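Here are the chains, one letter per residue:
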Amino acid sequence: MSKILAANFKTNHTRASTQEYVEKLDTSMGELGYLDDLYLFPPATALNNFNVKNSIHIGAQNAYPTIKGSFTGEIGVEQLEEFNVKTLLIGHSERRHILGETQEFIAKKYIWFIEKGFKIFYCIGEPLEVREAGDKAVRQYLVEQLEGIDTSYENLILAYEPVWAIGTGKTATAELIERTHSMIKEMVDKPLLYGGSVKPQNLAEILAVPGCDGALIGTASWDAESMISMLEIAKNID
Ligand SMILES: O=C(CO)COP(=O)(O)O
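The protein has the name Triosephosphate isomerase in an unreviewed UniProt entry, where Hydrogenimonas thermophila is given as its organism. Taken verbatim from the UniProt record of the protein, the Catalytic activity (unreviewed entry) comment is "D-glyceraldehyde 3-phosphate = dihydroxyacetone phosphate".

Set out below in structure tokens:
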């Protein structure tokens, strides 16, 4: 099965640098003969109608469940439609833990956007203290993060991103990823990506894990050359 790669820019890149990045990636995908889908999540200010030849899909890192309205600082469907954006990241741990999104709000957002037909990348993952409490605690934590989420939705991609591995350089071991992915797959039968300090040096090992359908990459995706080298690695695994 072909692997899904996705790049989460978080609060990095400008409109101009995103344009350059997309052009570089598009050219390299052509040269490599990379035919799989690549999802990019630039900041909202860099969303655009990119003119690309390959399967590059642009998603939003966040949006408010509204077409338009009075939600200061937020963007809704009207702003996404301008750039043909039909893909959305929901449930990222930074939005849960730093921006304070509750499971109730996340579920409301999810339901709203699936009704609009959006492709959803839905993130789940436990903090360190839960991991240290063992598999049973992890399972319970992940079950709670799936509360109110219609997991039968056809356009759903899940991402398992343990909080302790995000931006820390501390990647989960292949064994732990395999065990946790198999636990999640028992609950939800959907494509499942791993995220958390994925980089060119560990991508091949991670993509080879049974039950790992791709990677959601933060830090190591921000540099176009680094991302291109990961496309090359993913292509050789297919
Ligand atoms: O949060 C992530 C992707 O959504 C992962 O971030 P890092 O790759 O920087 O650990």
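Enquirer: What's the story with the overall build of the protein in this structure? I'm lost.
Expert: Counting its secondary structure elements, the protein contains nine helices and eight strands. Taking 238 residues into account, the globule formula puts the C-alpha radius of gyration at 18 Å, and the protein, at 17 Å, falls close to it. Seen through its principal axes, the protein has C-alpha atoms that stretch 45 × 45 × 30 Å. Split into buried and exposed, the 238 residues of the protein put 38% on the buried side.

Enquirer: For this particular structure, what's the right way to read the UniProt feature "binding site: substrate" (unreviewed entry) in the protein?
Expert: Sequence positions flagged by UniProt for "binding site: substrate" (unreviewed entry) are, in local numbering, N8, F9, K10, G167 and S197. A stretch of 190 residues holds the annotated residues, and the largest C-alpha distance among them is 13.8 Å, short enough that they meet in one place. In this fold, F9 is placed in the loop between β1 (4–8) and α1 (15–32). F9 sits in the partly exposed class, given 18 other C-beta atoms within 10 Å. If sequence neighbours within four positions are ignored, F9 has contacts with F41, P42, P43 and W222. The residue G167 is located in the loop between β6 (156–160) and α7 (174–187) in this model. Exposure remark for G167: the 13 C-beta atoms within 10 Å place this residue in the partly exposed category. Look past the residues within four positions of G167 in its chain and what remains in contact with it is G218 and T219.

Enquirer: Can you walk me through the pairing of strand β5 (residues 119–124) in this structure?
Expert: If a strand is regular, its side chains alternate between the two faces of the sheet. Taking burial as the measure, the six residues of β5 include five buried ones, the bulk of the element. Sheet topology places strand β4 (residues 87–90) next to β5; four bridges connect them, and they run parallel. Within β5, the residue paired with T87 across the bridge is K119. One ladder, built from five bridges, connects β5 with β6; its direction is parallel. Bridging from a neighbouring strand, F121 pairs with I157 of β6.

Enquirer: I tried to follow the site of the ligand on my own but got confused; where do I start?
Expert: The full set close to the ligand counts 14 residues, and N8, G167, G195, G218 and T219 are the nearest of them. Its residues assigned to classes, the shell around the ligand shows five nonpolar, eight polar and one charged.

Enquirer: Just checking my understanding: could you explain the UniProt feature "active site" (unreviewed entry) in the protein for this structure?
Expert: In the numbering used here, UniProt assigns the feature "active site" (unreviewed entry) to H92 and E161. In sequence the annotated residues extend across 70 residues, while in space they remain close, none of their C-alpha pairs exceeding 8.3 Å. Within the element layout of this structure, H92 appears in the loop between β4 and α3 (93–98). Its 28 C-beta neighbours within 10 Å are what place H92 among the buried residues. For E161, the location among the structural elements is in the loop between β6 and α7. Residue E161 is classed as buried on the basis of its 26 C-beta neighbours within 10 Å. Each residue touching E161, except ones within four places of it in the same chain, is listed here: S93, C123, G125, I166, G195, G196 and L216.

Enquirer: Looking at this model, I keep getting lost on helix α4 (residues 103–115). Mind explaining?
Expert: For an α-helix the count is 3.6 residues per turn, leaving residues at separations of three or four pointing the same way. The end-to-end C-alpha distance of α4, which contains 13 residues, comes to 18 Å, matching closely the 18 Å that a straight helix rising 1.5 Å per residue would cover. Note on α4: the residue one or two positions beyond its end, G117, has a positive phi of about 80°.

Enquirer: Help me understand the sheet that holds β5, please; the structure alone is not making it clear to me.
Expert: Working definition: the strands of a sheet are paired by backbone hydrogen bonds and lie parallel or antiparallel to each other. With parallel pairing, eight strands are arranged side by side in an open sheet as β3-β2-β1-β8-β7-β6-β5-β4. Strands with a single pairing partner mark the edges of an open sheet, and in this sheet they are β3 (56–58) and β4. Adjacent strand axes in the sheet meet at a mean angle of 25°, parallel and antiparallel pairs treated alike. Bridge count between β1 and strand β2 (residues 38–41): four bridges; the pairing is parallel. Across the sheet, residue L5 finds its bridge partner in β2, namely L38.

Enquirer: Teacher, can you tell me more about the confidence of the model for the protein here?
Expert: In regions of low pLDDT, the predicted coordinates are not meant to be interpreted in detail. The predicted model of the protein has a mean per-residue pLDDT of 96, with 99% of residues at 70 or higher. Reported for the predicted complex are a pTM of 0.97 and an ipTM of 0.99.

Conventions used here
Here the residue numbering is sequential within each chain, running from 1 through the sequence in written order. Selection of residues for local features in this predicted model requires a pLDDT of at least 70, selection of side-chain atom pairs for listing and counting requires 80 or more, and totals for whole chains, interfaces and linings are taken over all residues. UniProt positions are given in the numbering used here, feature names are shortened, and annotations may be inferred rather than shown by experiment. Secondary structure elements are taken from DSSP: a helix is a run of H or I of four residues or more, a strand is a run of E of two residues or more, and numbering for both begins at the N terminus. Between the two quantities, the radius of gyration covers C-alpha atoms and the globule rule is 2.2 Å times the number of residues to the power 0.38. With C-beta atoms placed from the backbone, a residue is buried if 20 or more other C-beta atoms are within 10 Å of its own, exposed if 12 or fewer are, and partly exposed between those counts. This entry defines residue contacts through backbone-placed C-beta atoms, with two residues in contact when those atoms are within 7 Å. The pairing criterion is simple: DSSP has to find at least two bridges between the two strands. By definition, a residue lies near a molecule or strand provided its backbone-derived C-beta atom is within 6 Å of it. Asp, Glu, Lys and Arg are counted as charged, while Ala, Val, Leu, Ile, Met, Phe, Trp, Tyr, Cys and Pro are counted as nonpolar; the rest, among them Gly, fall into the polar class. Take the residue count of a helix, subtract one, and multiply by 1.5 Å to get its expected span. In this analysis an axis means a line fitted to C-alpha atoms, helices contributing only their contacting stretch, and an angle means the value between N-to-C directions, from 0 to 180 degrees. pLDDT is a per-residue confidence score from the predictor, ranging from 0 to 100.

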